[in-house]
Amino acid sequence: MTFGPGAAPGTPALDDKSNLFTIGGGVVLNGLSAGLEIYAEGYLQFGAAGQFIDAGSEEEAKGRGKAGQVGFEYRVDSERAIWFGVNVTYVSGDGDNQADDENVDSFLSYENVRDLMILEDQYFGFDVDVNYTAFKISGGVSFNVGQGKNNLELMGIVGICRANEDIQNGAENEEDLGNEFDLVVKYHLNKQVMLKFGFAYITGSDIMEEAMGGSASDDSDDKGFLWSLGFDAA
């Protein structure tokens, strides 16, 4: 991998010197109270995260990424399978000009997190998976429809997200990724087929507004929404 500006077109990739290590672990705690689960995990990265070109010389980029999450989920013992949870996720970012800094502080990479449809989802949204902190509150409930047992699920989540390092958009430096609310409805027709409806709304996203042109563009806005309708078959 070659990092940062300064690598001219045609410069050979120096991937034979990339040697990045990730170490970490986690814990899940049950039994303190019926239906309560507490969890935490954390990771550190070290080693060679590639190279960058500085004044014509090859400099090794040192990996220093960090990531982790902590939270709990509580399931109410009831016919409607009511649950709620709280989660805090942190993934480090790199706010330095890589040409002047030998460290790669971004965590490479914490993929497959898609609790939030607009900010995190890799299919519908921005697929944010580095340089952010997210505080999430979620919950759900199930209902019996027809002859089914808990075959209608409702789930909602609120996420408050900020960039750990300012993101530069033109002349502006922003850190507000936005505040998002999602609602998901799942209807299980049978064990093999599930219908799914999702609605997401985001507001206060200065980064999104600046990416669309900022105050100079009439079409830019710090809020937006999306909805989806589909099915899963197994």
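On a predicted model such as this, the values are computed, not experimentally measured, just so you know. (Residues numbered from 1 in each chain as written. Predicted model: local features only at pLDDT ≥ 70, side-chain atom pairs only at ≥ 80, totals over all residues. Heavy atoms only, no water.)

Draft legend 1. Region of interest: the overall build of the protein. In terms of helices and strands, the protein carries one helix and eleven strands. Counting from the amino terminus, the protein carries its helices and strands in the arrangement β-β-β-β-β-β-β-β-β-β-α-β. Here the protein, with 234 residues, has 32% of them falling under the buried criterion. Considering only contacts in the protein between residues 6 or more positions apart, those separated by 24 or more positions represent 54%. Put simply, the protein shows about 13500 Å² of open surface, and 55% of that area lies on carbon and sulfur atoms. (Helix = DSSP H or I, 4+ residues; strand = E, 2+ residues; numbered from the N terminus. Buried < 20%, exposed > 50% of the residue type's maximum accessible area, 1.4 Å probe, protein only. Contact = heavy atoms within 4.5 Å. Areas by Shrake-Rupley, 256 points an atom, 1.4 Å probe, with all protein chains shown as cover.)

Draft legend 2. Representation of a nonpolar patch on the surface in the model. On the surface, a cluster of nonpolar side chains totalling about 600 Å² of accessible area is made up of Val70, Val88, Phe135, Ile137, Val158, Ile160, Phe181 and Leu183. Along the chain, Ile137 falls in strand 7 (residues 132-143). (Patch = residues over 30% accessible without salt bridge, like charges linked within 9 Å, V, L, I, M, F, W, Y side chains within 5 Å. Salt bridge = Lys/Arg side-chain N within 4 Å of Asp/Glu carboxyl O.)

Draft legend 3. Main features of the packing of aromatic side chains. One pass over the structure, following the stated rule, counts four aromatic pairs. Between Phe72 and Phe84, the ring centres sit 6.3 Å apart and the planes meet at 90 degrees, which makes this aromatic pair edge-to-face. Residue Phe72 is located in strand 4 (residues 66-75), and its partner Phe84 is located in strand 5 (residues 83-91); the two are separated by twelve residues in the primary sequence. In this structure Phe84 comes out as partly exposed when scored by relative accessible area, which is 39%. Here Tyr74 and Phe84 contribute two aromatic rings whose centre-to-centre distance is 5.7 Å and whose plane-to-plane angle is 55 degrees, an arrangement assigned as tilted. Here Tyr74, found in strand 4, pairs with Phe84, found in strand 5; they are ten residues apart in sequence, far enough to count as distant. Of the aromatic side chains, those joined through ring pairs into one cluster are Phe72, Tyr74 and Phe84. (Phe/Tyr/Trp six-rings, centres within 6.5 Å; stacked < 30°, edge-to-face > 60°.)

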